[in-house]
Amino acid sequence: MSEHIHKDYTGAKFGMWLFLFTEVLLFGGLFVLYAVYLQRYPQEFISAGSELDVRFGGGNTLVLLTSSLFVAMSITALRRGQKTLCQGLLAGTIVSAAIFMVNKFFEWSAKIHHGIYPGSPHMSEIAPGESVFFSIYYITTGLHGIHVVVGALIIAWTMFKIKAGSVNAGDWVVLENAGLYWHLVDLIWIFIFPLYYLILH
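To keep things clear, this report deals only with the structure shown in the data block. (Residues numbered from 1 in each chain as written. Predicted model: local features only at pLDDT ≥ 70, side-chain atom pairs only at ≥ 80, totals over all residues. Heavy atoms only, no water.)

Okay, the packing of aromatic side chains next. Taken as a whole and judged by the stated rule, the model has 16 aromatic pairs. Geometrically, the ring pair formed by Tyr34 and Phe45 is edge-to-face, given 5.6 Å between the ring centres and 65° between the ring planes. Taken together, the residues Tyr34 in helix 1 (residues 2–40) and Phe45 in helix 2 (residues 42–49) connect sequence positions 11 residues apart. Here Tyr34 and Phe45 have matching classes, each one buried. Ring geometry for Phe193 and Tyr197: centres 5.7 Å apart, planes at 35°, overall tilted. Placement of both Phe193 and Tyr197 in helix 7 (residues 173–198) is noted, with a separation of four residues, approximately one turn of the helix. The burial state of Phe193 is the same as that of Tyr197; both residues are buried. (Phe/Tyr/Trp six-rings, centres within 6.5 Å; stacked < 30°, edge-to-face > 60°. Helix = DSSP H or I, 4+ residues; strand = E, 2+ residues; numbered from the N terminus. Buried < 20%, exposed > 50% of the residue type's maximum accessible area, 1.4 Å probe, protein only.)

Since the α-helix packs 3.6 residues into each turn, any two residues three or four apart lie on the same face. For helix 4 (residues 83–113), with 31 residues, the first-to-last C-alpha span of 45 Å sits near the 45 Å given by 1.5 Å per residue. Cys86, Gln87, Leu89, Leu90, Gly92, Thr93, Ser96, Ala97, Phe100, Lys104, Glu107 and Lys111 are the residues of helix 4 that are buried. Those residues of helix 4 that are buried lie in contact with helix 3 (54–79), helix 6 (128–164) and helix 7. Where helix 4 terminates, the next one or two residues include Gly115, which has phi positive at roughly 80°. (Expected span 1.5 Å × (residues − 1). Contact = heavy atoms within 4.5 Å.)

Right, here's the structure in full:
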């Protein structure tokens, strides 16, 4: 019986790593696209990048790093049988995700208010390189934002499983896989932040 559980555990872990690899390929493609156009429009990218607010990017970086710490601690807590602490840490992760999305909402709202969004009249008037920058910016950060929301929903679902007792100190692979997904969301942002908010300033 223990061997069967071990096989299930290994299969679940392998499946998650395979899925994460496809996610890395997805965002990796966007980063390659960014690099190609950066070489083509270096000055336009610098000009467009200077319009992004480093405070929003830096604040969201801190929020996601904190949330990843919460997830890591929650796994340790569950394995030690500290169910309440685990749930509290996961709740903190969901709150962090909400803060991230609220910050992103205000950041996007400011850009949209100034007419900086795909298809706007202003975008057709600025230099082509700047238009390309903002198009890639919206695609990349928008896709990442979707992953943040999905990650928060997965964490919430995991909390329900923990409360029901199906995820516990003896069977915590679901929580670990949810944590791996969340760490990937965090890691992708660690690449987005310097590429868009720091390098071009």
